Amino acid sequence: MGRSFWGCWRSLFSIAVLYGSLALFTSILHNVFLLYYVETFVSIYKIDKVSFWVGETIFLIWNSVNDPLFGWLSDRSFLSSPQTSSQISSPEVVLKRLKALSTNGPLFALSFLAFWVAWARPGLQFLLCLCLYDGFLTMVDLHHSALLADLAVSAADRTRLNFHCSVFSALGSLSVFLSYSFWDKEDFFSFRLFCVTLAAFSILGFFLVSQLLQQRFKKEIHPKLDEASALKELSVGHGPLTHPEKPITIGQYLKQLSRQKNFMWFVSMNLVQVFHCHFNSNFFPLFLEHLLSDNISASTGSILLGISYIAPHMNNLYFLTLCQRYGVYQVIRWLFLLKLGLAMAMLLAGADHIYLLCIFIASNRVFTEGTCKLLKLVISDLVDEDFVVNRRQQAASALLFGMVALLTKPGQTFAPLIGTWLLCVYTGYDIFERQPQKDSTSDSKFSSSSGTPPLRLGCFYMLVFVPITCALLQLAAWSRFTLHGRKLQGIKSLRQGAPQGPTIDVKAI
């Protein structure tokens, strides 16, 4: 009886489940942050326009730089060649990342609380809160993502880990629905209590889960570490003399990355993907207002908004089962083709089919976000390739995730800039105007014989032409990506056979 209970307890709190639960403690806070931080500072704290844009500009710079900076500080010791005298084993790397999560996770939750209480001038508080929050979020996200590549090498194990992340991220999206019950600009106290409750839950979760993971991990791999240590002691004095090499500089590392064609093609594709994801997020309310608001109720609009947040996580569960059968590369390619096909069909159908518009607006965001959630698996494969090709002492997972973020985050900035520019050029609509601009058919390039207002028609063309353009660019870049099939299997076999200390078996742990 005791053994069966212990077995059920271990299966309930497996490594995969505990790893996935860390996504819950991040998503319950980050979804609320994305929805309300701008509205809080603009409508409640009354930040002026200059301070807002100065803060956003500094934040964009910091947001792009901190990923590779923190990744370099975390993984620079792993870049030396295998001949270096101070060997670092895979279990030590995992424990290092778990310790970082146990520290930075609670600090991330505390930085989240700093938004909802006025403690300084609005402009100064806006800047400090954004930079602190994003700094700790980056640390948590880098180490959590890096664990995906460090805990498992096989595609099946990584898919299992990502599956649990999707389940818990979907649960974390429920905080968006709950937040509507507490959000009130006139009475902010209840919303503050709601945020304190979320932060307390996140702090407790980060601390307990990271500690539990460390204890479980140490207990399971301790015998293997003792065996490896004994073998190392026996080999002292019998091995050939080697000279430690100098650590690799950031310039040398960047040169190595630039020679990896798969990395460059992936970054090109992912830059477009980041742009499209943020374009959908930035202009989703605008599309609802000008394409659907006259034909659907407010409750239907809120349902579409809720679906766009939670459906990508649920949809990803199905995509991951397809990845196990057909491979990540093929599934992502199908999603690009699906994006292109849906946008072409919507363009041919026109802007007057309201129900088709509802389905397309929701599915466009769902499939785009779903693709983003599969890309961590591809980056983990790039970590394997970097480890094998450059003969690393240890896989520099966090650093590679940081470099990908550095090169793709400009898409986050380009999305609102290009979108607002297109609106202004083709419709004359300026979203920064205080007074809402009514549609007029006289001063616009989008004239329609059917009497469709030019602003509505401009939004429709943006809605369909942006996915078409993105899909074509992504298919062109993705066709040049060769890290799949037999080549990927060969890379994984070489990494699994590399002498890097005791191996980690996710299923056993």
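Structure first, text after, so check above.
Residues numbered from 1 in each chain as written. Predicted model: local features only at pLDDT ≥ 70, side-chain atom pairs only at ≥ 80, totals over all residues. Heavy atoms only, no water.

Draft legend 1. View of the pattern of salt bridges. One pass over the full model with this rule turns up eight salt bridges. Here aspartate 67 ties to lysine 409 by a salt bridge, and the two come within 2.6 Å at their closest N and O atoms. A residue pair is termed long-range when its members are at least 10 positions apart, and aspartate 67 in helix α3 (residues 49-75) and lysine 409 in the loop between α14 (397-408) and α15 (410-427) qualify at 342 residues. Residue lysine 492 pairs with aspartate 381 through a salt bridge whose shortest N-O separation is 3.0 Å. Taken together, the residues span a long stretch of sequence, with lysine 492 in helix α17 (residues 486-496) and aspartate 381 in helix α13 (residues 354-389) at a distance of 111 residues. Bridged by salt links that share partners, the residues Arg158, Asp381, Asp384 and Lys492 form one connected network. (Salt bridge = Lys/Arg side-chain N within 4 Å of Asp/Glu carboxyl O. Helix = DSSP H or I, 4+ residues; strand = E, 2+ residues; numbered from the N terminus.)

Draft legend 2. Structural context of a nonpolar patch on the surface. A cluster of nonpolar side chains, Phe414, Leu417, Ile418, Trp421, Val425 and Tyr426, forms an exposed patch at the surface whose accessible area comes to about 580 Å². Examined against the element boundaries, isoleucine 418 turns out to sit in helix α15. (Patch = residues over 30% accessible without salt bridge, like charges linked within 9 Å, V, L, I, M, F, W, Y side chains within 5 Å. Areas by Shrake-Rupley, 256 points an atom, 1.4 Å probe, with all protein chains shown as cover.)

Draft legend 3. Structural context of helix α6 (residues 155-172). An ideal rise of 1.5 Å per residue puts 26 Å on 18 residues; α6 measures up with 25 Å between its terminal C-alpha atoms. Among all positions in α6, only Asp157, Arg158, Thr159, Leu161, Asn162, His164, Cys165, Ser166, Phe168, Ser169, Ala170 and Gly172 are buried. (Expected span 1.5 Å × (residues − 1). Buried < 20%, exposed > 50% of the residue type's maximum accessible area, 1.4 Å probe, protein only.)

Draft legend 4. Representation of the packing of helix α10 (residues 261-292) against helix α16 (residues 454-478). Where α10 contacts α16, the axes come no closer than 10 Å and their chain directions differ by 165°. Classified by the angle between their axes, α10 and α16 sit roughly antiparallel to one another. The crossing of α10 and α16 is left-handed. Here the contact of α10 with α16 is composed, by residue class, of 21 nonpolar, five polar and one charged. (Axes fitted to C-alpha atoms, helices over the stretch in contact; angles between N-to-C directions. Parallel < 35°, antiparallel > 145°, perpendicular 65-115°, else oblique. Left-handed = near helix turned anticlockwise from the far one by under 90°. Nonpolar A, V, L, I, M, F, W, Y, C, P; charged D, E, K, R; others polar.)

Draft legend 5. Quick peek at the packing of aromatic side chains. Under the criterion given, the structure shown has 32 aromatic pairs. A centroid spacing of 5.4 Å and a plane angle of 90° characterise the contact between tryptophan 116 and phenylalanine 191, whose relative ring orientation is edge-to-face. Here tryptophan 116 is found in the loop between α4 (90-113) and α5 (122-151), whereas its partner phenylalanine 191 is found in helix α8 (residues 189-235), with 75 residues between them in sequence. Like phenylalanine 191, tryptophan 116 is buried. Ring centres of tyrosine 318 and phenylalanine 319 lie 6.4 Å apart, and the angle between their planes is 50°; this geometry places the pair in the tilted category. (Phe/Tyr/Trp six-rings, centres within 6.5 Å; stacked < 30°, edge-to-face > 60°.)

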